[in-house]
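Chains, contacts and geometry: an overview
The lines below spell out each chain.
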Amino acid sequence: MASVEMVEIWRGEIRESVHRGHAVVCDASGEVVDAWGEPEKVILPRSSSKMIQALPLVESGAADRFGLGTEQLALACASHNGAAIHTDRVSRWLSDLGLGDDDLRCGPQMPDDRQARKALICSDSAPCQMHNNCSGKHSGFLTLSKHLGGGPEYIDPLHPVQKAVKATWEEVTQEPVAGYAIDGCSAPNFATTLHGMARAMASFAAAREGKGASQDAQFRLVQAMMKHPDLVAGEGRACTNIMRALGGAGVIKTGAEAYFTAILPGKGLGVALKIEDGSTRASNSAIAAILVRLGVLDPEHPATHKHMYPHILNRRGVDTGQLRPVPDVFDA
């Protein structure tokens with residue numbers, strides 16, 4: 001089945017561009033309750049899968065052994081801006097493990113946070129690995145590696161950490177992994193279908209405390225993300241803004257190349273979304289539209305308007321157009 005038109009760009013009275021995509025909504029049983037495009041399309045979910053990658057950290061007992069709180073668990077699922085609220089916490093986390101920046105394997109990245117970026121530029125300093133948007137996930141990997149007695153190269157697909165991630169991945173997606181590729185942070189990213197990813201998110205949505213190690217771990221990660229939306233992404237980002245607007249109704253997580261996942265505990269639903277051309281502006285709009293359709297996001301909330309219907313300004317600040325969902329595609 002082909003992708004469907006999801007988001008369009010209007011400049012004046014002219015429809016200038018269109019973004020096509022695929023999306024799946026699953027219930028707690030793993031059944032598809034809504035879909036656009038091709039549910040069985042194999043994808044690399046990139047950072048939208050970080051909750052799965054963080055599961056062995058909690059389920060193994062490593063998080064409790066090393067005294068991780070909700071802030072560290074949120075950061076383990078984060079693609080953060082590299083602001084001080086992120087890097088300071090990652091630094092303390094690593095220090096508590098007796099580790100430092102050199103132990104990370106994610107690579108340095110100029111922070112997206114304006115203040116942090118300005119501070120580096122003005123001081124003529126280079127970014128470190130803790131500025132990498134994935135440094136929280138990698139700190140989680142290092143914690144799990146220490147718990148398992150693994151070596152320093154925790155990003156190796158044959159390392160005990162990545163073997164644990166793969167096993168967990170197959171458990172929650174209920175599919176064998178369809179291969180892997182190396183992500184921007186150098187860790188393996190396992191391939192699955194959109195249906196499998198939505199099924200995994202529905203598993204998180206259905207998880208309840210006191211129902212076994214796996215459900216406890218999923219529940220704790222979701223609660224940590226809901227408690228700390230500012231740590232999951234950062235100010236101005238769709239993940240943070242929309243999670244705040246959801247008001248505890250769920251969590252969402254973006255990934256590179258226009259992926260999005262959503263976990264909606266109150267409805268027992270999981271969502272997986274991929275915009276075909278990799279445009280983040282389109283995935284932000286489409287995930288907001290799906291959440292409105294599912295009745296968990298207020299269509300009139302400022303965050304909804306900001307990401308679902310962003311206006312396009314030129315260099316003089318003139319409003320020249322608008323990005324918006326294709327009419328009727330996401331209507332209930």
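Residues numbered from 1 in each chain as written. Predicted model: local features only at pLDDT ≥ 70, side-chain atom pairs only at ≥ 80, totals over all residues. Heavy atoms only, no water.

Some details on the pairing of strand E12 (residues 319–325)
Counted residue by residue, E12 has five buried out of seven residues, so it is predominantly covered. In the sheet, strand E1 (residues 4–11) pairs with E12 via four bridges, with the strands oriented antiparallel. The residue bridging Ile9 from the neighbouring strand is Leu323, located in E12. Taken together, the three bridges between strand E11 (residues 311–313) and E12 define a ladder with antiparallel strand orientation. Each bridged residue has a counterpart across the sheet, and for Leu313 the counterpart in E12 is Asp319. Linkage of E11 to E12, two consecutive antiparallel strands, is achieved through a turn of five residues, within which Gly317 is found at a positive phi near 80°. (Buried < 20%, exposed > 50% of the residue type's maximum accessible area, 1.4 Å probe, protein only. Helix = DSSP H or I, 4+ residues; strand = E, 2+ residues; numbered from the N terminus. Pairing = 2+ DSSP bridges.)

A short note on the side chain of Ser48
Relative to the elements of secondary structure, Ser48 occurs in the loop between strand E4 (42–43) and helix H1 (50–59). Apart from the residues lying within four places of it in its own chain, the contact partners of Ser48 are Lys253, Thr254, Gly255, Tyr259, Phe260 and Thr261. (Contact = heavy atoms within 4.5 Å.)

Here we look at the layout of surface pockets
In this structure, the largest pocket occupies an estimated 560 Å³ of space. Taken together, 30 residues line the largest pocket, and the ones lying closest to its centre are Asp112, Arg237, Thr254, Thr280 and Asn284. Its residues placed into classes, the lining of the largest pocket shows nine nonpolar, 14 polar and seven charged. The volume enclosed by the second largest pocket comes to roughly 150 Å³. Around the second largest pocket, the lining is made up of 13 residues, and of these Val292, Met308, Tyr309, Pro325 and Asp331 lie nearest the centre. Taken together, the residues that form the lining of the second largest pocket break down as eight nonpolar, one polar and four charged. (1 Å grid on protein atoms, 1.4 Å probe; cavity = no way out; pocket = protein on both sides within 12 Å on 5 of 7 lines; lining within 4 Å. Points joined across faces, edges and corners; volume = space filled by probe spheres on them. Nonpolar A, V, L, I, M, F, W, Y, C, P; charged D, E, K, R; others polar.)

Brief notes about the pattern of salt bridges
Applying the stated rule across the entire model yields twelve salt bridges. A salt bridge links Arg11 to Glu16; the shortest N-O distance between them is 3.0 Å. For the salt bridge of Arg89 with Glu71, the shortest nitrogen-to-oxygen distance reads 3.0 Å. Taken together, the residues span a long stretch of sequence, with Arg89 in helix H4 (residues 84–96) and Glu71 in helix H3 (residues 70–76) at a distance of 18 residues. Since its relative accessible area comes to 23%, Arg89 is described here as partly exposed. Looking at Glu71, the relative accessible area reads 28%, which means it is partly exposed. Because the salt bridges share partners, they merge into one network encompassing Glu5, Glu8, Arg15 and Arg324. (Salt bridge = Lys/Arg side-chain N within 4 Å of Asp/Glu carboxyl O.)

Observations concerning helix H9 (residues 213–227)
Compared with an ideal rise of 1.5 Å per residue, which puts 15 residues at 21 Å, H9 spans 21 Å between its outermost C-alpha atoms and is within 8% of the ideal. Restricting attention to buried positions, one finds in H9 the residues Ser214, Ala217, Gln218, Leu221, Val222, Ala224 and Met225. Projected onto a plane normal to the axis of H9, the buried residues spread over an arc of 160° and lie on a single side. (Expected span 1.5 Å × (residues − 1). Arc of directions from axis to C-beta.)

Function cannot be inferred from these measures alone, as they are strictly geometric.
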